[in-house]
Each structure stands twice: as C-alpha cells, then as structure tokens.
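Given next are the chains, with one letter for each unit.
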Amino acid sequence: MNYFSRMQEKFASLKDKKEVIILSIESSCDETSVAVVKNGREVLSNIIASQIEIHRRFGGVVPEVASRNHITAISSIFEEALSEAGIKKEDIDAVAVTYGAGLIGALFVGINFAKALAYSLEVSLIAVNHVYGHISANYISHPGLIPPFVCLMVSGGHTALLRVDDYNKMKMLGTTVDDAAGEAFDKVARVLGLPYPGGPEIDRLAKEGEVKYIFTISKALKNTLNFSFSGVKTEVVNLVHNKTQRGEEVDKADIACSFQEAVTDELATKAIKACKREELKKLVVAGGVGANSRLKEKLEFLCKENNIEFYSPVLKYCTDNAAMIGSCAYFMLKDGLGLAPLSLTAKPNLDL
Ligand code: KG4
Ligand code: ZN
C-alpha cells in the first residue's frame, strides 16, 4: 500500500476514535504558534511566539522578515507545545496546519514543518483554512456551542456574515465589497501615527475620546448584508490631512472614537439583521476585530435586546493561534474532510 493510501486508512479510522490528539500549526502572518488539542475543544497547550515587536518598527508586517522569524522559532515552539501538553510525539494522531489565506513564505514554514512531522510519525496531515479556524476558536471557548448560528467574521483580511449550519457547512450571507474591517482599523491607526497593530491601539485610544465626527458608511449597501469600509477610512485620512495642512491640532482620541463608533455600529447592526433574517437565535463573532471592546459591548447589548445568545472567543483565541486550527481540523476529520497529500502547497488567497 502506498503512503497516501495508508494515510487515507488512518484518517478514516480517526472518525470513530474516542480520543483524538491533534498537533496544530499556525504561521500565516506574524505569529508562530503550535498547539495540542484534544477532541476539538480541549486545549492541552497553545504556544504563541508573536513577532509584533519585530514588525512594529516597520509599521506593519514585512513578509520576508516574518518567514525568517517563523523558521527560527518553529522547532522550539513545537517542543514547548509538546512539553506543556505533557505528551510525546507518538501520542499525536494527526498534524493540522494552516495552508491559507496568508503570506506565502510564512505559510510555507508551517506547512513544511507539518509535512515533515506527519511523514515521520506516519500520521494524517490536515489542511485548514485559517478563516474557518477563527470560527472554531468559539468551540474552544464555549464547550456547549454547536451550530447552527450566524457568524460575524471580522479579521485583518476578511469581513463577512456567514450562516453556519453545521461544523463544515456554511453559506455566505454578506461580505465586504472593499476593505476588511481590520484593514480599515490598521490604516486609520497608521494615519493617526499609532503603532502596529492598529486595531488594539484604536480600541484603547477611543476610550479617551468622544464621538465628535460623524463618518458616513455607504448607504448603497443599506438593505444588504454587505459591508464597505473604504469610504469611512478615506474620510478619516482626509480629515487628518486637512487638519495637519491647516496646522490644527489632530484630536486623535476623538477621531479614533468616532471612527470606531461608525464601524462597530455597521458591524453590529448588520449582524443582528442577519440573525433576524435567517431566524437564528445564536450569534458568534470570530477574528481579530472580534477582540474590539466596543464591538463586543454593542453586540452583547443588541443580542440581549433581541433575545439572541451571543458568543465570542476569549481574547487569546480571538487573534491568530494554533489551537483554533487544531479545533477546526478535528471537526473536519469527523466529517472525513481535509486529508492533505505531501504535495500540499500554500494558498495565499484562499477564500471562504
Ligand atoms: O484575525 P487576525 O488576528 O488576523 C487575520 O486573520 O487577519 O486579525 C488581525 C486584525 C488586525 O487588523 C488588528 O488590528 C485587528 O485584528 N484587531 C483589532 C483589535 N485587536 C486586533 N481591531 C480592533 N480592535 C481590537 N481590539
Ligand atoms: Zn487570523
């Protein structure tokens, strides 16, 4: 029997296995992370080496620098993940890895490590879509959460509303027609001279300001579940430039607060609209922008008002981490999905 046929057999046998231990790897951007996840919801370890400090001086992620740092970090992060989980290599049932979307060089570091590990241990290699991983972060934080629900996906690269009917069955209800919410946060932060990554900085600064400016969100999409954030982003950029040219003070906190109000209003309103339209009583938020305190506040309030259950991952699982990839892989293998050959390659533009 050839290698892949053996893997197919092993993969199929995991479906009915009572205890499945997945070693998962995430390296799509500037976090090198390795986790050990049991049965999709129990995190035995989740080690994250963040490169934020390294990229901060460049004002954003430099892809080549990210790849090199993943290479330096990954072996020791892997050893740490095993040791913290208290398991041996031989206990691993499958290796899961993010294969897209993300930075191509960064993805390849994780993929190649995962391939070598899976091959040497003779265990299945599972390819995971990073964005679906973000949704799974909620299965870790909320052991009782099961589909169906509406998911508001708000990361640096994606902004979408999804109807999640089952772990591996979902439908897009709406998406951004231009920038992702996280992209807008990062761009506005940059123009305000805040350090990378911008989202958490705006979140923090907004608390010191008030809504002084009314930024407009595209009216053309009012009756849809689609989003547009490039207009509001451009309004902020123009406001800051005009103030600077006129020699006026740039009231950063008020601008941050006004921008955040506009974006989070739009996200929260449409998320509730989606729940009503789909007649679903559960709303789940996923992705880095899901860490935004004002967005969570609004979603919590609106969900309560509309008798909808609200779920968001605990902060450490909101932004990039390998545990969410291990969780996602578990629910994929239970449905017989995701087994990858050793020719697996990175998909930088992988979509939902
Ligand atoms: O999901 P994520 O960690 O990576 C991607 O898959 O893209 O999301 C990163 C994005 C960045 O744009 C970052 O600025 C944003 O999430 N972010 C936040 C907050 N924390 C992270 N945006 C707003 N408020 C936050 N507290
Ligand atoms: Zn992410």
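Positions within a chain are numbered from 1, following the residues in the order the chain's sequence is written. Chain labels run from A onward and ligand labels from 1 onward, assigned in the order the entries are written. In keeping with the model being predicted, local features are shown solely for residues with a pLDDT of at least 70 and side-chain atom pairs are shown and tallied solely at 80 or more, while totals for entire chains, interfaces and linings include all residues. The basis for every side-chain value is the complete set of heavy atoms in the structure, and neither hydrogens nor water enter the calculation.

Colleague: Lay out the overall build of the protein chain in plain terms, naming residues and giving numbers.
Modeller: The way it works is that DSSP assigns letters per residue, a run of H or I at least four long becomes a helix, a run of E at least two long becomes a strand, and they are numbered from the N terminus. Helices and strands together make up the secondary structure of the protein chain, namely 12 helices and 10 strands. Our radius of gyration is a C-alpha quantity, and the globule rule it is checked against amounts to 2.2 Å times the number of residues to the power 0.38. Its C-alpha atoms give the protein chain a radius of gyration of 21 Å, near enough to 20 Å, the size a compact globule of 352 residues would have. For each residue, the accessible area found with a 1.4 Å probe, counting protein chains only, is set against the maximum for its type, and the residue is called buried under 20%, exposed over 50%, and partly exposed in between. Looking at the protein chain as a whole, 55% of its 352 residues qualify as buried. Put simply, 75% of the contacts in the protein chain that link residues at least 6 apart link residues at least 24 apart. Side-chain charges of the protein chain comprise 40 positive and 43 negative groups, with the mean position of each set lying 3 Å from the other. Here a residue-residue contact requires only that any non-hydrogen atoms of the pair lie within 4.5 Å. Positive charges come from Lys and Arg alone, negative charges from Asp and Glu alone, with His and the N- and C-terminal ends not counted. Every charge is mapped onto a representative atom, which is NZ of Lys, CZ of Arg, CG of Asp or CD of Glu.

Colleague: Lay out the coordination of the zinc ion (ligand 2) with the relevant residues and their values.
Modeller: Tetrahedral coordination by four donors sets the ideal angle at the metal to 109.5 degrees; octahedral coordination by six donors sets it to 90 or 180 degrees. Within the protein, His130 (NE2), His134 (NE2) and Asp320 (OD) serve as the donor atoms for the zinc ion (ligand 2), at 2.0 to 2.1 Å. A donor here means any N, O or S atom no more than 2.8 Å from the metal (3.2 Å for Na, K and Ca); water is not included, so a site may seem to lack partners. All donors of the zinc ion (ligand 2) belong to a single chain; written as a sequence motif, their spacing is H-x3-H-x185-D. Of this pair, His130 and His134 both sit in helix H5 (residues 130-141), 4 residues apart, which is roughly one turn of the helix. Accessibility classification places His130 together with His134 in one group, the buried group.

Colleague: I'd like to hear about the sheet that holds strand S8 (residues 169-175), residue by residue, with values.
Modeller: Overall, mixed pairing links the 5 strands, which are arranged S8-S7-S6-S9-S10 in an open sheet. With partners counted over all chains shown, the strands left at the sheet margins are S8 and strand S10 (309-311), one partner each. Taking each pair of neighbouring strands and ignoring which way they run, the sheet shows an average axis angle of 25 degrees. Two strands qualify as a pair provided that DSSP identifies no fewer than 2 bridges between them. Relative to S8, strand S7 (residues 159-166) is paired through 6 bridges, and the arrangement is antiparallel. Across the sheet, the residue bridging to Asp166 is Lys169, located in S8. For every element, the axis is a line fit to its C-alpha atoms; helices are fit only across the contacting stretch, and the angle between N-to-C directions ranges from 0 to 180 degrees. Seen against the sheet, helix H10 (residues 293-305) touches strand S6 (149-154), strand S9 (282-286) and S10 and runs at an angle of roughly 160 degrees to S10.

Colleague: How would you explain the packing of helix H7 (residues 198-206) against helix H9 (residues 252-278) if you had to name every residue and give the values?
Modeller: Their axes nearest at 8 Å, the elements H7 and H9 cross at an angle of 110 degrees. Relative to H9, the element H7 lies roughly perpendicular. Residues Ile202, Asp203, Leu205 and Ala206 of H7 form the contact with H9, whose own contacting residues are Lys252, Ala253, Ala256, Cys257, Phe259 and Gln260. Looking at the contact of H7 with H9, its residues break down into 7 nonpolar, 1 polar and 2 charged. When an angle is under 35 degrees it counts as roughly parallel; over 145 it counts as roughly antiparallel; between 65 and 115 it counts as roughly perpendicular; any other value is oblique. Residues are grouped as follows: nonpolar covers Ala, Val, Leu, Ile, Met, Phe, Trp, Tyr, Cys and Pro; charged covers Asp, Glu, Lys and Arg; every other residue, Gly included, is treated as polar.

Colleague: I'd like to hear about the pairing of strand S3 (residues 42-50), residue by residue, with values.
Modeller: Of the pairings in the sheet, the one linking strand S2 (residues 31-38) to S3 comprises 8 bridges and is antiparallel in character. Bridge pairing in S3 places Lys38 opposite Glu42. Linking S2 back to S3 in an antiparallel pair, the connection comprises 3 residues, with Asn39 at a positive phi of about 45 degrees.

Colleague: Just give me the short version of the site of ligand 1, but keep the residues and values in it.
Modeller: Near is defined per residue: the residue qualifies when any heavy atom it owns lies within 4 Å of the molecule or strand. Around ligand 1, the structure places 18 residues, and the nearest of them are His134, Gly156, Asp186, Asp203 and Gly288. Separating an oxygen atom of ligand 1 from a backbone N or O atom of Gly182 is a distance of 3.2 Å. Protein chains shield 87% of the accessible area of ligand 1, which is 550 Å² for the free molecule. Broken down by secondary-structure element, the contributors of at least two residues to the shell around ligand 1 are H5, helix H6 (181-191) and H7. Among the residues forming the shell around ligand 1, the class breakdown is 4 nonpolar, 11 polar and 3 charged. Two domains each donate at least three residues to the shell around ligand 1, and these are domain 1 (3-137 + 319-334) and domain 2 (147-315). For the purposes of these results, a polar contact is taken to be a pair of N or O atoms within 3.5 Å, where, inside protein, one atom must be able to donate a hydrogen and its partner to accept one; residues adjacent in sequence count only when each atom of the pair is a side-chain atom. In short, Shrake-Rupley with a 1.4 Å probe defines the accessible areas, and a residue's cover is counted only from the protein chains shown. Marked domain ranges trace back to an automatic or database domain assignment.

Colleague: How would you summarise the domain arrangement of the protein chain if you had to cite specific residues and measurements?
Modeller: Examined at the domain level, the protein chain breaks down into domain 1 (3-137 + 319-334) and domain 2 (147-315). For domain 1 versus domain 2, the distance between C-alpha centres works out to 28 Å. Tallying the contact residues gives 17 residues for domain 1 and 17 residues for domain 2. In total, domain 1 and domain 2 occlude about 1,400 Å² of area from one another, counting both sides; carbon and sulfur atoms represent 69% of this. Buried area: the sum, over both parts, of the accessible surface (1.4 Å probe) that disappears when the two are put together.

Colleague: Describe the environment of Ser343, naming the residues involved and giving the relevant values.
Modeller: Along the chain, Ser343 falls in the segment after helix H12 (323-334). The exposed category is assigned to Ser343, whose relative accessible area is 58%. Note: C-alpha distance between Ser343 and Ser228 (115 residues apart in sequence) is 37 Å.

Colleague: Break down H12 for me, citing the residues and quoting the values.
Modeller: Count 3.6 residues to each turn of an α-helix, and residues three or four apart come out pointing the same way. An expected span of 1.5 Å times one less than the residue number is assigned to each helix. Relative to the 16 Å expected for 12 residues at 1.5 Å per residue, H12 spans 17 Å between its end C-alpha atoms, a close match to the ideal helical length. The buried fraction of H12 is high, at 11 of 12 residues. Taken together, the buried positions of H12 are occupied by Ala323, Met324, Ile325, Gly326, Ser327, Cys328, Ala329, Tyr330, Phe331, Met332 and Leu333. After H12 finishes, the residue Gly336 shows a positive phi value of roughly 70 degrees.

Colleague: Give me the state of the cysteines: which residues, what numbers.
Modeller: Disulfide: a covalent bond connecting the sulfur atoms of a pair of cysteines. We call a pair of cysteine sulfur atoms a disulfide when they lie within 2.5 Å. Here the structure, examined in full by the defined rule, presents 0 disulfides. Sulfur of Cys303: no disulfide; nearest cysteine sulfur belongs to Cys275 and is 6.1 Å away. Assessed through its relative accessible area of 1%, Cys303 is described here as buried. There is no disulfide at Cys328, and the cysteine sulfur nearest it, in Cys151, is 11 Å away. Using a relative accessible area of 5% as the deciding quantity, one classes Cys328 as buried.

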